[in-house]
Amino acid sequence: MGPHPAVAAIRLAVRRVLHDILDEHHRNPGGHHRNPGGHDRVAAGPGRTPGAPRACEPSPLVLVACSGGADSMALASALAFEAPRLGVRAGGVTVDHGLQAGSDLRAAEVTLRLRGLGLGPVDSVAVTVGRGGGPEAAARDARYAALDAAAERHGAAAVLLGHTRDDQAETVLLGLARGSGIRSLSGMAAVSGVAGRYRRPFLRLDRQTARTACMAQSLPVWDDPHNTDPAYTRSRLRHEGLPALEKALGKGVVEALARTAQLSRDDADALDAWAGRAEAGVRDADGRLECAGLHALPPAVRRRVLRRAAIEAGAPAGSLFARHIEEVDRLITGWRGQGAINLPGRVVARRQGGRLVIRQG
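Below is a short write-up of the structure.

## Some points on the packing of helix H11 (residues 299–312) against helix H12 (residues 322–333)
Helices that pack against each other are described as a pair by the angle of their axes relative to one another and the distance between those axes.
No. 1: For the pair H11 and H12, interaxial distance at closest approach is 10 Å and the crossing angle is 115 degrees. Judged on the interaxial angle alone, H12 and H11 are roughly perpendicular. Judged by the sense of rotation from one axis to the other, the crossing of H11 with H12 is right-handed. The residues of H12 that touch H11, namely those facing Arg302, Arg303, Leu306 and Arg307, are Ile325, Val328, Asp329, Ile332 and Thr333.
No. 2: Residue composition of the contact of H11 with H12, by class: 4 nonpolar, 1 polar and 4 charged.

## Here we look at helix H4 (residues 135–154)
No. 1: The first and last C-alpha atoms of H4 sit 29 Å apart over 20 residues, in line with the 28 Å expected at 1.5 Å per residue.
No. 2: Looking at H4, one finds that the buried residues are Ala137, Ala138, Ala139, Ala142, Tyr144, Ala146, Leu147, Ala150 and Ala151.
No. 3: Directly after H4, the chain includes Gly155, whose backbone phi takes a positive value near 70 degrees.

## A short note on the sheet that holds strand S10 (residues 355–360)
No. 1: Within the open sheet, the 4 strands sit side by side as S7-S10-S9-S8. Their pairing is antiparallel. The open sheet terminates on both sides in strands that have one partner only, identified here as strand S7 (289–290) and strand S8 (341–343).
No. 2: Pairing of S8 with strand S9 (residues 347–352) involves 3 bridges; the strand directions are antiparallel. Counted as the bridge partner of Leu343 is Val347 from S9.

## Here we look at helix H3 (residues 103–116)
No. 1: Along its 14 residues, H3 runs 20 Å from first to last C-alpha, staying within 8% of the 20 Å computed at 1.5 Å per residue.
No. 2: Those residues of H3 not exposed but buried are Ser103, Ala107, Val110, Thr111 and Leu114. Down the axis of H3, the smallest arc covering the buried residues is 100 degrees, so these residues share one side. Those residues of H3 that are exposed and angled more than 90 degrees off the buried face are Leu105, Leu112 and Gly116.
No. 3: Contacts from the buried residues of H3 go to helix H2 (70–86), strand S2 (89–96) and strand S3 (122–126).
No. 4: Just downstream of H3 lies Gly118, where phi reads positive at about 95 degrees.

## Quick word on the pattern of salt bridges
No. 1: Taken as a whole and assessed by the stated rule, the structure comprises 27 salt bridges.
No. 2: A salt bridge links Glu279 to Arg283; its shortest N-O distance comes to 2.7 Å.
No. 3: Residue Arg283 is classed as partly exposed on the basis of its relative accessible area of 27%.
No. 4: For the salt bridge of Arg283 with Glu312, the shortest nitrogen-to-oxygen distance reads 3.8 Å. One end of the pair, Arg283, is in the loop between helix H9 (253–281) and S7; the other, Glu312, is in helix H11, with 29 residues separating them in the sequence.
No. 5: Accessibility expressed as a relative area gives 56% for Glu312, which makes it exposed.

## Quick look at the packing of helix H8 (residues 233–249) against H9
No. 1: Remark: H8 packs on H9, axes separated minimally by 9 Å, with the N-to-C direction vectors making an angle of 105 degrees. With respect to their mutual orientation, H8 and H9 come out roughly perpendicular. Residues Leu242, Leu245, Glu246 and Leu249 of H8 form the contact with H9, whose participating residues are Val253, Val254 and Leu257.
No. 2: When grouped by side-chain class, the residues that make up the contact of H8 with H9 number 6 nonpolar, no polar and 1 charged.

## Description of the sheet that holds strand S4 (residues 158–160)
No. 1: Read from one edge to the other, the open sheet built from 6 strands follows the order S3-S2-S1-S4-S6-S5, with strand pairing classed as mixed. A single partner strand is all that each edge strand has here, and the edge strands are S3 and strand S5 (191–192).
No. 2: Here H2 sits on the sheet in contact with strand S1 (61–65), S2 and S4, set at roughly 160 degrees to S1.

## Concerning the pairing of S10
Walk down a regular strand and you will see the side chains alternate between the two sheet faces.
No. 1: Of the pairings in the sheet, the one linking S7 to S10 comprises 2 bridges and is antiparallel in character. Bridging across to S10, Leu289 finds its partner in Leu356.
No. 2: As paired strands, S9 and S10 are joined by 6 bridges and run antiparallel to one another. Across the sheet, Val347 pairs through a bridge with Gln360, a residue of S10.
No. 3: Taken together, S9 and the strand that follows it, S10, pair antiparallel across an intervening segment of 2 residues, in which Gly353 is found at a positive phi of about 55 degrees.

The rules behind each value
Here the residue numbering is sequential within each chain, running from 1 through the sequence in written order. Under the rules for a predicted model, residues below a pLDDT of 70 receive no local features and side-chain atom pairs below 80 are neither given nor counted, while totals for whole chains, interfaces and linings still include all residues. To obtain the side-chain values, all non-hydrogen atoms of the structure were included, while hydrogens and water were left out. Lines are fitted to the C-alpha atoms to define the axes, a helix being fitted only along its stretch in contact, and any angle between axes, read from their N-to-C directions, falls within 0 to 180 degrees. Helix and strand assignments come from DSSP, with helices taken as H or I runs of at least 4 residues and strands as E runs of at least 2, each series counted from the N terminus. Roughly parallel means an angle under 35 degrees; roughly antiparallel means over 145; roughly perpendicular covers 65 to 115; every other angle is labelled oblique. Each crossing gets its handedness from the near helix: less than a right angle anticlockwise from the far helix is left-handed, clockwise is right-handed. Throughout, a residue-residue contact means that at least one pair of heavy atoms, one from each residue, lies within 4.5 Å. Side-chain classes are defined by residue name, with Ala, Val, Leu, Ile, Met, Phe, Trp, Tyr, Cys and Pro counting as nonpolar, Asp, Glu, Lys and Arg as charged, and the others, Gly among them, as polar. Expected span of a helix, by definition, is 1.5 Å for each gap between consecutive residues, and there is one gap fewer than residues. Buried residues are those whose accessible area, probed at 1.4 Å on protein chains only, stays under 20% of the maximum for their type, while exposed residues exceed 50% and partly exposed ones sit between those limits. Between any two strands, at least two bridges found by DSSP are needed for them to pair. The directions considered for the arc run from the helix axis to the C-beta atoms. Salt-bridge detection follows one rule: a side-chain nitrogen of Lys or Arg within 4 Å of a carboxyl oxygen of Asp or Glu.

Take a look at the structure:
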């Protein structure tokens, strides 16, 4: 008899990601991935399993980020099962945010569980959470900084994250509420980070599948009380907003939002590529943006060019919202001699002699 269907599902999702990582490792051994998220397979030689490392190549290390919750414990168990079968080294990292009493003891328990699954190396990293951008954003920034540092320290090829289809649906709704445009609606990417460091194998699986897989394997899990605390926006959305939508619209809202994320990502990627090509055509010999050339571009492309220019000038991407870009856009489409536009990061945009100047100071 095979494994429980939920266990089989999480293992298959992880196996596919590990194959991708191995293929990238073969194309660029010992270096950063040139084609993160690619799906081309390296042909197997005689006696070699497709996706398995060649004898002369050191096997890549893959880490799992684990909080001890059902999603990440299911991910850790699937990685521990699949990695040795593909010749991949597998370790884990847990981050202690220090936001709850006893968080250090809980982090120690998670490391023991990860080692019990056969993972190694396993790190427990304590971080200090700041206040910038609100508690959820600050905790996320501290967590990713710790994961980046762990990946660099161990030379890991990738870090697996346990975000599910439900998390994706919540992210899409949060982006919709912010009115941040199609890129925000595209949610979380299956592959993200520098050189494709972060992988999310579970974006097509629901949260219940991960929890069921833990139950089927008798894996102990920890339910973070912050996930049910109405003080947090995502918690309210999870326990109040999405259930209300499903009550009003019927089942299938989560699946529909996840599909919206993928369609939005495809559109956003295409528009970003168009903007990248268009930008070269609207710069003069000195590299300044020409207002006439910008005006001729479709609005979606023009605003992407403006956003890229603002970020290049020093505006933090996370603080640059649609309303900022709309104000800069009016210097192109609604020019009435208005003054400079102040952007985050002490960046200023102004129109001078038919050129748009965006710079700090």
